[in-house]
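# Report on the structure
What follows is the residue order along each chain.
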Amino acid sequence: MIILFVALPLVVAGVLPLIGKISRRVLPDLLANAALLFLLVYAVAAGRPLIANGPVLQQLTWLGESVNLRLALDGFSLFMLMAVSLVGLCVTLYSVDYMEHYGAKANYYALFLIMIAGMNGLVLATDLFNIYIFLEVAAVASYSLVAFGLGHDELEAAFKYLMLSVVASAFILISIAIIFGMTGSLSLPAVARALQDLNAGPVVGICAALFIMGFGLKAALIPFHAWLPDAHPSAPAPISAVLSGLLIKVSGVYALTRIFLNVFGLTPALSSVLMVLGTVSLVGAAFLALGQKDIKRMLAYSSISQVGYIVLGIGLGTPLGIAGGLFHLFNHALAKGLLFLTAGSMQQATGTRDLDEMGGLAKRMPFTAATNLIGSLSIAGVPPLNGFWSKLLIIMALVQAGHPVFALIAVLASVLTLWYYLLIQRKAFFGNLNEKWAAVKEAPFWMTASTVVLAALCVAIGVLFSLTIKSWIQPAAGVLAEGVQAVIRSWGL
Amino acid sequence: MIVQTSLLVGLVLFSVLAILLRDLLRAAVSLAVTSLLLGIIFFRMNASYAGVFEISVVAGLITVLFILTIALTNKGEEVPESKLVNLAFPLFFVAFIIIDALVMKGLLRKIPALPSSPETGAFGDVLWKGRTLDLVGQIAVILAGVFSVLALFRKRDKHD
């Protein structure tokens with residue numbers, strides 16, 4: 001019943017505002033967390049046995065008639081579902097305390113679950129137009145979640161995000177229309193098969209360019225990144241964590257990767273474009289992050305930089321590069337989720353996001369400081385944390401494929417990353433305690449608990465990296481490395 | 001051919017007007033006329049359902065929503081816009097027309113025509129049986145819209 005990944009969050013979202021009339025806090029908290037916990041357990045416990053003998057295709061019936069509710073679960077989609085459920089659960093746990101002062105908690109959870117349903121639907125879709133629709137589901141919910149605080153900055157950031165996202169959707173839609181005109185189908189296996197039979201290189205090139213612009217905007221790759229440093233810091237902390245940790249990856253990186261590797265087939269030209277875009281993003285955003293004083297803005301630029309690593313690894317197209325890219329996607333989802341959540345705890349305790357105003361907070365918020373340090377070191381790629389292994393895989397893949405210059409740039413950008421994360425540590429947590437923060441206390445229980453869980457995962461995955469790679473990353477990377485055949489052979493109904 | 005060309009030229013002209021006009025009401029009406037022309041083009045190309053939806057929903061319902069919203073807003077201070085922004089659209093538009101004229105004809109010829117796929121069929125079958133997952137997605141979009149309105153127009157008693 002893989003439709004549950006879409007249906008359950010949608011149904012719970014539908015009833016939450018009604019339940020919010022009966023219980024304003026406890027029941028919405030319980031229901032939202034229970035839904036995500038169920039999805040996580042389902043993905044981890046039931047998902048892997050389900051795809052043990054290859055991808056699962058589900059064709060549902062409705063009132064006895066076969067309808068086109070067609071979903072596919074393979075190693076790549078299961079990996080994404082697990083990442084979405086895991087980070088989603090930590091974020092809803094954090095929201096139990098954090099969203100108290102915003103009000104309208106039931107509506108918040110409803111929108112959050114719709115965003116999760118949108119991401120899950122996109123991951124399971126087998127059809128280009130389905131991908132577009134679920135992209136919009138997640139996007140519409142995320143616009144309101146960015147604006148949820150209702151302050152001037154939030155509304156302005158949400159509007160900017162909406163405007164640029166609409167442009168991205170237009171590019172994606174035009175490309176889908178051209179592909180439909182050319183192949184007569186929207187279904188991924190049919191399109192993949194038709195494109196192999198057709199000799200339509202220039203037109204496919206234009207479609208690829210439109211997808212790069214559309215999904216590149218969603219993934220906030222440089223030069224399509226302008227919206228992200230405004231939208232992500234302005235949103236409530238748990239939403240920043242989901243946007244940076246998950247949404248840009250699902251609606252940008254996942255969609256782009258699935259279409260380019262499994263439908264178009266990764267040509268050397270496409271590979272070069274992706275690698276250059278990834279490298280420009282990882283270097284450019286790292287420099288931009290260095291100059292930031294707002295901690296969440298610095299984290300937002302860091303997200304652009306880390307998505308650059310992911311695209312560089314996947315764009316390389318070798319099995320090791322793809323595995324490294326996917327592993328970094330997962331590690332970054334955990335670590336950046338963690339960092340945005342700790343930044344939220346700091347903002348709630350001090351009322352500011354300005355790093356220059358902070359200082360010595362480790363004395364007052366030891367758990368937040370420790371978990372933030374783990375997240376920072378993980379993203380910077382310090383061993384033995386998870387981020388180290390994924391960056392190492394990407395760099396090894398680049399060297400192995402004969403791209404030493406790209407590998408060197410990736411290493412140097414990692415040093416830059418470590419630099420700006422150490423700046424956060426020095427300015428926010430170490431040094432003398434600013435007198436203004438003498439009365440500051442550690443974040444409430446659920447906020448601390450969720451960050452501790454994420455930090456523990458960063459450490460555990462770093463220590464047990466080979467197990468993670470074997471169980472989750474290799475099956476996902478295998479699907480992508482197989483290229484067009486993975487979809488044509490296994491998804492054709 | 002003349003009718004089709006006039007409709008297409010009208011479509012482009014009114015779309016441009018919708019962007020360039022400073023008066024919001026006139027811009028909304030221009031957009032409605034654009035949709036109306038697009039609806040007629042759909043009818044002439046035998047896509048009658050698309051035409052009906054375009055005219056009833058986009059030219060009708062959405063225009064009413066736009067006009068209602070504009071009526072509810074107060075005329076505030078004029079927001080100054082930089083000249084660069086005012087120049088950006090016409091420049092982009094002219095560049096697009098030039099590229100369109102030079103490239104599109106040759107490009108369209110290169111798109112090989114395939115026999116129509118099993119995804120065509122009667123409208124009802126395509127909508128209810130062929131595109132069911134899209135309907136689920138659309139329900140989710142509507143839910144997101146409704147909850148967004150509820151969340152964003154809530155009483156700001158606590159946070160503010």
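Just so we're clear, the structure is a prediction, and the values are computed from it rather than from any experiment.

Conventions adopted
Residues numbered from 1 in each chain as written. Chains lettered and ligands numbered in written order. Predicted model: local features only at pLDDT ≥ 70, side-chain atom pairs only at ≥ 80, totals over all residues. Heavy atoms only, no water. Helix = DSSP H or I, 4+ residues; strand = E, 2+ residues; numbered from the N terminus. Rg over C-alpha atoms; globule rule 2.2 N^0.38 Å. Contact = heavy atoms within 4.5 Å. Areas by Shrake-Rupley, 256 points an atom, 1.4 Å probe, with all protein chains shown as cover. Lys, Arg positive; Asp, Glu negative; His and termini not counted. Charge placed at Lys NZ, Arg CZ, Asp CG, Glu CD. Buried area = accessible area lost by both parts, 1.4 Å probe. Salt bridge = Lys/Arg side-chain N within 4 Å of Asp/Glu carboxyl O. Polar contact = N/O pair within 3.5 Å; in protein donor to acceptor, adjacent residues only side chain to side chain. Phe/Tyr/Trp six-rings, centres within 6.5 Å; stacked < 30°, edge-to-face > 60°. Buried < 20%, exposed > 50% of the residue type's maximum accessible area, 1.4 Å probe, protein only. Lys NZ or Arg CZ within 6 Å of the ring centre and 35° of its normal. 1 Å grid on protein atoms, 1.4 Å probe; cavity = no way out; pocket = protein on both sides within 12 Å on 5 of 7 lines; lining within 4 Å. Points joined across faces, edges and corners; volume = space filled by probe spheres on them. Nonpolar A, V, L, I, M, F, W, Y, C, P; charged D, E, K, R; others polar. pLDDT = per-residue confidence, 0-100. Expected span 1.5 Å × (residues − 1). Bend = angle between axes of the 7 residues up to and from the residue. Axes fitted to C-alpha atoms, helices over the stretch in contact; angles between N-to-C directions. Parallel < 35°, antiparallel > 145°, perpendicular 65-115°, else oblique. Left-handed = near helix turned anticlockwise from the far one by under 90°.

### Comments concerning the overall build of chain A
When helices and strands are counted, chain A shows 19 helices and two strands. Its C-alpha atoms give chain A a radius of gyration of 21 Å, near enough to 23 Å, the size a compact globule of 493 residues would have. Viewed in the frame of its principal axes, chain A has a C-alpha envelope of about 70 × 60 × 40 Å. Taking contacts inside chain A between residues at least 6 apart in sequence as the whole, the part at least 24 apart equals 80%. For chain A, the accessible area works out to roughly 16,000 Å², and carbon and sulfur atoms hold 70% of it. Distance between charge centroids for chain A: 5 Å, based on 25 positive and 19 negative side chains.

### Side note on the interface of chain A and chain B
Each partner contributes to the interface: chain A provides 49 residues, whereas chain B provides 32 residues. Carbon and sulfur atoms make up 68% of the area that chain A and chain B hide from each other, which totals about 3,500 Å². The interface formed by chain A and chain B holds zero salt bridges in total. Summed over the shared surface of chain A and chain B, the result is four residue pairs in polar contact (both at pLDDT 80 or more). Put simply, the parts of the chain that give the side of chain A that touches chain B at least two residues each are α1 (4-22), β2 (65-73), α4 (105-124), α5 (128-146), α6 (152-183) and α8 (201-219) of chain A.

### Quick look at the packing of aromatic side chains
Each aromatic ring pair is characterised by the separation of its centres together with the angle its planes make. Residue and element names in this part refer to chain A. Evaluated as defined, the whole model comprises 21 aromatic pairs over all chains. Relative to F148, the ring of Y102 has its centre 6.4 Å away and its plane inclined at 50°; by these criteria the two rings are tilted. With Y102 in the loop between α3 (75-98) and α4 and F148 in the loop between α5 and α6, this residue pair connects regions lying 46 residues apart in the sequence. Each member of the pair, Y102 together with F148, is buried. Ring centres of Y420 and Y421 lie 5.0 Å apart, and the angle between their planes is 45°; on these two criteria the pair is classed as tilted. Accessibility classification places Y420 together with Y421 in one group, the buried group. An aromatic cluster of at least three residues, connected via ring pairs, comprises Y94, Y98, Y102, Y108, Y109, F112 and F148. For the cation-ring pair, R48 lies above W472, with the distance from its terminal atom to the ring centre recorded as 5.7 Å.

### Observations concerning the environment of F129 of chain A
Here F129 of chain A is to be found in helix α5. Judged by its relative accessible area of 24%, F129 of chain A falls in the partly exposed class. Contacts of F129 of chain A, omitting those with residues within four sequence positions, involve L173 and L186 of chain A together with R131 and D134 of chain B.

### Looking at unusual backbone geometry
All names here are of chain A. Cis geometry is found at the peptide bond from I222 to P223, where omega equals 10°. Among the secondary structure elements, P223 is positioned in the loop between α8 and α9 (228-234). One non-glycine residue, A104, adopts positive backbone phi at about 50°. Relative to the helices and strands, A104 resides in the loop between α3 and α4. According to the relative accessible area criterion, A104 is partly exposed, its value standing at 23%. The phi dihedral of A220 is positive, around 60°, even though this residue is not glycine. By the secondary structure assignment, A220 is in the loop between α8 and α9.

### Brief notes about the pattern of salt bridges
Residue and element names in this part refer to chain A. For the structure on display, the rule yields 11 salt bridges over all chains. Two residues, D294 and R353, come together in a salt bridge whose shortest N-O distance is 2.9 Å. Note that D294 is positioned in the loop between α11 (268-290) and α12 (295-316) and R353 in the loop between α13 (319-350) and α14 (366-380), a separation of 59 residues in sequence. Residue D294 is classed as buried on the basis of its relative accessible area of 17%. Residues K436 and E357 are paired through a salt bridge, measuring 3.4 Å at the closest nitrogen-oxygen approach. Taken together, the residues K436 in the loop between α16 (404-429) and α17 (445-463) and E357 in the loop between α13 and α14 connect sequence positions 79 residues apart. Overall, the relative accessible area of 30% leaves E357 in the partly exposed class. Salt bridges sharing common partners tie together R25, D29, E100 and K105.

### Re the environment of L40 of chain A
All names here are of chain A. Within the fold, L40 resides in helix α2 (residues 26-50). Residues L40 and I3, spaced 37 residues apart in sequence, show a C-alpha to C-alpha distance of 14 Å. If we ignore the near neighbours within four places in the chain, the residues touching L40 are M82, S85, L86 and L89.

### Quick notes on empty space enclosed by the protein
All names here are of chain A. Within this structure, the stated rule accounts for four cavities of 30 Å³ or more. Among the elements of the structure, α5, α6, α8 and α10 (237-264) are those that each provide at least two residues to the lining of the largest cavity. It is α6 that provides the largest number of residues to the lining of the largest cavity, a total of four residues. Across the lining of the largest cavity, the residue classes tally to 10 nonpolar, two polar and one charged. Each pocket or cavity is described by its volume, and for the second largest cavity that value is around 70 Å³. If you trace the second largest cavity, you find it lined by V253, L256, T257, F260, L261, L274, I310, V311, I314 and G315. At the level of secondary structure, the elements contributing two or more residues to the lining of the second largest cavity comprise α10 and α12. Looking at the lining of the second largest cavity, its residues break down into eight nonpolar, two polar and no charged.

### A look at the confidence of the model for chain B
Residue and element names in this part refer to chain B. Per-chain confidence: chain B averages 82 in pLDDT, with 84% of residues scoring 70 or above. Highest mean pLDDT in chain B belongs to helix α2 (residues 24-44) (93); lowest belongs to helix α5 (residues 123-130) (73). We note a pTM of 0.90 for the whole complex and an ipTM of 0.85 for its interfaces.

### Description of α1 of chain A
For α1 of chain A, with 19 residues, the first-to-last C-alpha span of 26 Å sits near the 27 Å given by 1.5 Å per residue. A bend of about 40° at L16 of chain A is the largest found in α1 of chain A, and the proline P17 of chain A appears one to four places after it. For α1 of chain A, the complete set of buried residues consists of F5, V6, P9, L10, V12, A13, L16, P17, I19 and G20 of chain A. At its buried positions, α1 of chain A is contacted by α2, α3, α4 and α5 of chain A together with α6 (132-152) of chain B.

### Section: the packing of α10 of chain A against α13 of chain A
How two helices pack is summed up by the angle between their axes together with the distance between the axes. Residues and elements named next belong to chain A. The contact between α10 and α13 brings their axes to 6 Å, and the two run at 165°. In terms of orientation, α10 lies roughly antiparallel with respect to α13. In the crossing of α10 with α13, the sense of the turn from one axis to the other is right-handed. Mapping the contact onto sequence places A237, P238, S240, A241, S244, G245, L246, K249, V253 and L261 in α10 and I322, L329, H332, A333, K336, G337, F340, L341 and G344 in α13. Classifying every residue of the contact of α10 with α13 gives 11 nonpolar, six polar and two charged.

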